[in-house]
Amino acid sequence: MSRPTASVATVTQPVAAAPPAAVPFFRPDVRQPEIDEVVATLRSGWLTTGPRVKRFEEEFAAAVGADFAVAVNSCTAALHLAVEALGLSPGGGVLVPTMTFAATAEIVRYLGAVPILVDCDPITGNIDLDDAERILSGQRHVQATTGPTVGIIPVHISGLMVDCGAVERFAKRNQLWVVEDAAHALPAAWRATAADSWTWCGSGTADVTCFSFYANKTLTTGEGGMAVTNTKALADRMRLMSLHGLSHDAWGRYRDGGSWDYRIIAAGFKDNMTDIAAAIGIHQLARAESMRARREEIAAIYRHRLEEEEAIEMPPAGGANRVHAWHLFPIRLRLDRLTIDRDQFIVELTKRRVMTAVHWRPLHLHPYYQDTYGLSPMDFPNATALFTRTLSLPLFPSMAEAEIDQVIEAVLGVCTRFRK
Ligand SMILES: *Cc1c(COP(=O)(O)O)cnc(C)c1O
């Protein structure tokens, strides 16, 4: 994952005067209200989990339509807390898409369980439930477990949600819990048909939904994450485990009238969010939909000006039954129309001062998963094929028009120069 370069606007509009030398892959959209709130937090004398985290949790839960929200220091921590709260135990299996970031599977390993990798849909890149069905029914064998398969962790790649109705039916039929890796899906929504109302990601689309506020995500707190759920027992367990398994947190102990005493109820973790991070998140959240709308606009410009180019394919837009978060704009190369491969395409874009990223080298093509589970590229043919031809263009709300043009001209220029 490429590290974004920070550019902090000192006014409420992003500063985009002279186009930079290169278009970065991402630049956080940080404005004056975030800065003022961080300064106020620093001056307040309360830096760790406190009143601003409480406020961020309440406003976040309301924004996505969840009953409970637990703020933590990463999406990885949220996912870890979620599977722990759901009782994942050593040897058990969890269905995880191979086309995902490291975090989705490693948290299953944290608990000594087995991430059973599943191939992806060739168009969306999202988890292929038919492949999951084949694996569960024993029609094809990829990885051994010593315990039952208990859950599934869909990832809404780029912010294009999976068919949540299909996931729910699949999970019910197979008695699985569902934890969503919604690191790309804020805000995003799904509906089965145009006659249905929108279901927002996090409003009960899974047992637990986990969001990321990493520096280059759609909403950032530098580092941070949120686990949301409609089940109080899960929220309570995640909150308890997020802070050493203590009976009440520091804010409860040290504020006026708080008690000094606490009890260790479980061997917990240290995953809590700071008030400094929450100060940023509160104001990012207030702009979440306007930032999404701008990303959607840029995605439409890309589509409009690139879709005629035969050497590339556009990412799916989701149609009438999705609100797409547009965290990423992953184009796919038609390698049969080009004299260069994906890696060389990226080098050529870099020469034209456009930074890109690849989402992702699938897990089964990484040494750890290959060596631990004896996996080979053809175990997951769709993900293997998609990996060889995908790359993500810069897409962030503070992109200047000149930067959007620079990306489009670079992509078209490379296609023309290396057309077969
Ligand atoms: C970024 C990302 C994560 C991890 O988020 P952190 O907040 O950095 O822990 C997990 N899953 C996916 C799909 C991601 O893109």
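Before any of the text, the structure's been laid out above.
Every value quoted in this text rests on a predicted model; they were computed, and no experiment measured them.

Turning next to the sheet that holds strand 11 (residues 322–323). In a beta sheet, neighbouring strands pair by backbone hydrogen bonds and run either parallel or antiparallel. With antiparallel pairing, the three strands of this open sheet are ordered in space as 7-6-11. Both edges of this open sheet fall to strand 7 (199–200) and strand 11, since each of them pairs with a single strand only. Alignment of strand 6 (residues 189–190) against strand 7, held across two bridges, turns out to be antiparallel. The residue of strand 7 that forms the bridge with A189 is W200.

With respect to the helices and strands, A194 occurs in the loop between strand 6 and strand 7. Taking relative accessible area as the criterion, A194 reaches 55% and is therefore assigned exposed. Separated by 126 residues in sequence, A194 and A320 place their C-alpha atoms 6.9 Å apart.

Let us now look at helix 1 (residues 32–44). Because an α-helix packs 3.6 residues into every turn, residues spaced three or four apart end up facing the same way. The terminal C-alpha atoms of helix 1 lie 18 Å apart, and with 13 residues this matches the ideal 18 Å at 1.5 Å per residue to within 8%. Looking only at helix 1, the buried set comprises E34, E37, V38 and T41. Axial view of helix 1: buried residues confined to an arc of 100°, hence all on one face. Packing partners of the buried residues in helix 1 comprise helix 2 (51–64) and helix 9 (275–286). Where helix 1 terminates, the next one or two residues include G45, which has phi positive at roughly 85°.

A separate point is the pairing of strand 3 (residues 114–118). Judged by how many residues are buried, strand 3 sits mostly within the fold: five of five residues are covered. The sheet contact formed by strand 2 (residues 93–97) and strand 3 spans five bridges and is parallel. Paired with V94 across the two strands is P115, which belongs to strand 3. For the crossover that starts at strand 2, traverses helix 4 (residues 102–110) and ends in the parallel strand 3, the hand is right-handed.

Looking now at the nonpolar core. Formed by 91 residues in total, the largest nonpolar core has its most connected members in F56, F60, I153, V179, F211, F213 and M226. If one sorts the elements of this core by residue count, helix 3 (residues 75–85) sits on top with eight residues. When residues of this core are assigned to domains, at least three fall in each of domain 1 (32–287) and domain 2 (289–417).

A few words on the site of the ligand. If you check the shell around the ligand, you find 14 residues, and the closest are T76, D181, H184, S212 and K217. One of the side-chain N or O atoms of H184 is found 2.8 Å from an oxygen atom in the ligand. Contact distances for the ligand include 2.7 Å between an oxygen atom and a side-chain N or O atom of S212. Protein coverage of the free-state accessible area of the ligand, which is 380 Å², stands at 95%. Looking at the shell around the ligand, its residues break down into seven nonpolar, five polar and two charged.

Residue position: P330 is located in strand 12 (residues 329–333). By relative accessible area, which is 6% here, P330 ends up buried. Sequence separation between P330 and R389 is 59 residues; the distance between their C-alpha atoms is 9.8 Å. Not counting the four nearest positions on each side in its chain, P330 is found in contact with S158, P315, T390, L391 and S392.

Turning next to the environment of M355. Here M355 is to be found in the loop between helix 11 (342–351) and helix 12 (367–373). Using a relative accessible area of 33% as the deciding quantity, one classes M355 as partly exposed. On a C-alpha basis, the gap between M355 and C415 in space is 16 Å, while along the polypeptide they are 60 residues apart. With residues up to four places along the chain from it excluded, the contact list for M355 reads V23, P24, F25, T350 and P394.

So, how was this worked out
- Residues numbered from 1 in each chain as written.
- Predicted model: local features only at pLDDT ≥ 70, side-chain atom pairs only at ≥ 80, totals over all residues.
- Heavy atoms only, no water.
- Pairing = 2+ DSSP bridges.
- Helix = DSSP H or I, 4+ residues; strand = E, 2+ residues; numbered from the N terminus.
- Buried < 20%, exposed > 50% of the residue type's maximum accessible area, 1.4 Å probe, protein only.
- Expected span 1.5 Å × (residues − 1).
- Arc of directions from axis to C-beta.
- Contact = heavy atoms within 4.5 Å.
- Right-handed = clockwise from strand over helix to strand, strands pointing away.
- Core = buried A, V, L, I, M, F, W, Y, C linked by side-chain atoms within 4.5 Å.
- Domains from an automatic or database assignment.
- Near = heavy atom within 4 Å.
- Polar contact = N/O pair within 3.5 Å; in protein donor to acceptor, adjacent residues only side chain to side chain.
- Areas by Shrake-Rupley, 256 points an atom, 1.4 Å probe, with all protein chains shown as cover.
- Nonpolar A, V, L, I, M, F, W, Y, C, P; charged D, E, K, R; others polar.

Geometry only, nothing functional implied.
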